[in-house]
Amino acid sequence: MITWTTKNGVEISRILSRRCNCYVVRHRGRFLLVDTSRRMERENLTQALDSLGITRLSLLVLTHCHFDHTENAAFVRQRFKASIAVHTSEAPLLEAGENAAICGTVWPTRLLIRAVTARHIHRFFRYRQTGADIRVQGRFDLGALGFPGYLLHTPGHTGGSVSLIVDNEIAMVGDAMFGVFKNGVLTPFGADAGQMVRTWKTLLDTDCRLFLPAHGKARTRDMVEQAWRRRQDASPLIGH
Ligand SMILES: [Zn+2]
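Report on the accompanying structure. (Residues numbered from 1 in each chain as written. Predicted model: local features only at pLDDT ≥ 70, side-chain atom pairs only at ≥ 80, totals over all residues.)

So, the overall build of the protein chain
Then step 1. Looking only at helices and strands, one finds eight helices and 15 strands in the protein chain.
Then step 2. Relative to the globule expectation of 18 Å for 240 residues, the C-alpha radius of gyration of the protein chain, 17 Å, shows essentially globular dimensions.
Then step 3. Each of the three principal axes of the protein chain carries a C-alpha extent, and together these read 50 × 40 × 30 Å.
Then step 4. The buried share of the protein chain, taken over its 240 residues, is 45%.
Then step 5. Considering only contacts within the protein chain whose residues lie at least 6 apart along the sequence, 64% involve residues at least 24 apart. (Helix = DSSP H or I, 4+ residues; strand = E, 2+ residues; numbered from the N terminus. Rg over C-alpha atoms; globule rule 2.2 N^0.38 Å. Buried ≥ 20, exposed ≤ 12 C-beta atoms within 10 Å, placed from the backbone. Contact = placed C-beta atoms within 7 Å.)

This is how it looks when you write it as structure tokens:
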């Protein structure tokens, strides 16, 4: 488990990292969870939360509605009495147990998507439906829930992707960025690659120094700035 601490003492721990990174944010005895990973990780997720002494979560943030992030959402909502926050446009997906549509952002994944018609993944990877308690639109401040931070609409990977910004210092960005390839930032799958690149600028404008993706390792501000600049120079912008 890796833990980062912001200047105001908010602790962010990566508690799962295999199928999908799950992060616990801890502040003054309150806990918040970002994403839930897949069904086969449920035991590990529960153990990790139990080992931190967590019996109740103030909030479960779903960065977006893809099965690798949402398969344990209904379970976590019930077991840890968590309210679920999701973007308004993806609330109906959560309530139906369906996935947001995706495309490839680079040629290998574009070919793959065409080959397996994975744009219809909502048919193949349904998950247990559950309710959306908080519907995020634009920006949602977490001050009332006791956390110095906010949720921010960061579309591109899906139309309703959101990120969690803590202390204007560390951002949990879901699949808006990808930390699997060395120094890379672009997620190989996404609904709108151009929009995803514009979202990097939105995230840079938060002044965060560190970006924690749902897959792979943390990305530094320098890495994201470089990736964004490269895309500005590229003509035309990556298509989809
Ligand atoms: Zn995704």
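Re the environment of D175
Then step 1. With respect to the secondary-structure elements, D175 resides in the loop between β12 (170–174) and β13 (189–190).
Then step 2. Classification of D175 as buried rests on a count of 26 C-beta atoms within 10 Å.
Then step 3. For the pair formed by D175 and G146, sequence separation is 29 residues and the distance between their alpha carbons is 25 Å.
Then step 4. With residues near it in sequence (within four places) discarded, D175 still touches T63, H64, H157, S161, T187, P213, A214 and H215.

Topic: the sheet that holds strand β4 (residues 30–34)
Then step 1. Taken in spatial order, the seven strands make up an open sheet running β1-β2-β3-β4-β5-β6-β8, and their pairing is mixed. This sheet does not close on itself; its edge strands, each paired only once, are β1 (2–5) and β8 (134–136). Taking each pair of neighbouring strands and ignoring which way they run, the sheet shows an average axis angle of 25 degrees.
Then step 2. Judged from the five bridges that link them, strand β3 (residues 22–27) and β4 form a sheet pairing that is antiparallel. (Pairing = 2+ DSSP bridges. Axes fitted to C-alpha atoms, helices over the stretch in contact; angles between N-to-C directions.)

As for the pairing of strand β10 (residues 149–153)
Then step 1. Relative to β10, strand β9 (residues 139–141) runs antiparallel, the two being bridged by three bridges. Directly across from F140, in β10, lies its bridge partner L151.
Then step 2. Looking at chain direction, β10 and strand β11 (residues 162–166) are connected through five bridges and run antiparallel. Among the inter-strand pairings, G149 is bridged to a residue of β11, identified as V166.

Regarding the nonpolar core
Then step 1. L33, L60, V61, V86, L151 and A171 are the most contacted members of the largest nonpolar core, which has 63 residues in total.
Then step 2. The element that contributes the greatest number of residues to this core is helix α7 (residues 193–204), accounting for five residues.
Then step 3. Setting aside anything within four residues of it in sequence, one finds V61 in contact with L32, V34, A85, L151 and L164. (Core = buried A, V, L, I, M, F, W, Y, C linked by C-beta atoms within 7 Å.)

Topic: unusual backbone geometry
Then step 1. For D35, which is not a glycine, the phi torsion comes out positive at approximately 65 degrees.
Then step 2. Mapped onto the secondary structure, D35 falls in the loop between β4 and α1 (42–51).
Then step 3. One non-glycine residue, D207, lies in positive phi territory at about 75 degrees.
Then step 4. In this fold, D207 is placed in the loop between α7 and β14 (210–213).

Topic: the packing of α7 against helix α8 (residues 221–233)
Then step 1. It is at 10 Å that the axes of α7 and α8 come closest, and there the two elements cross at 140 degrees. Between α7 and α8, the angle is such that the two are oblique. You can see that α7 and α8 cross each other, and the crossing is left-handed. Packed against α7, whose contacting residues are V197, W200, K201, L203 and L204, the element α8 presents V224, E225, A227, W228 and R231 at the interface.
Then step 2. The residue inventory of the contact of α7 with α8, partitioned by class, reads seven nonpolar, no polar and three charged. (Parallel < 35°, antiparallel > 145°, perpendicular 65-115°, else oblique. Left-handed = near helix turned anticlockwise from the far one by under 90°. Nonpolar A, V, L, I, M, F, W, Y, C, P; charged D, E, K, R; others polar.)

Notes on the sheet that holds β11
Then step 1. The six strands are arranged β9-β10-β11-β12-β14-β15 in an open sheet whose pairing can be described as mixed. Each edge of the sheet is formed by a strand with only one pairing partner; in this case those strands are β9 and β15 (219–220).
Then step 2. Sheet analysis places β14 next to β15, joined by two bridges and oriented antiparallel. Each bridged residue has a counterpart across the sheet, and for F211 the counterpart in β15 is R219.

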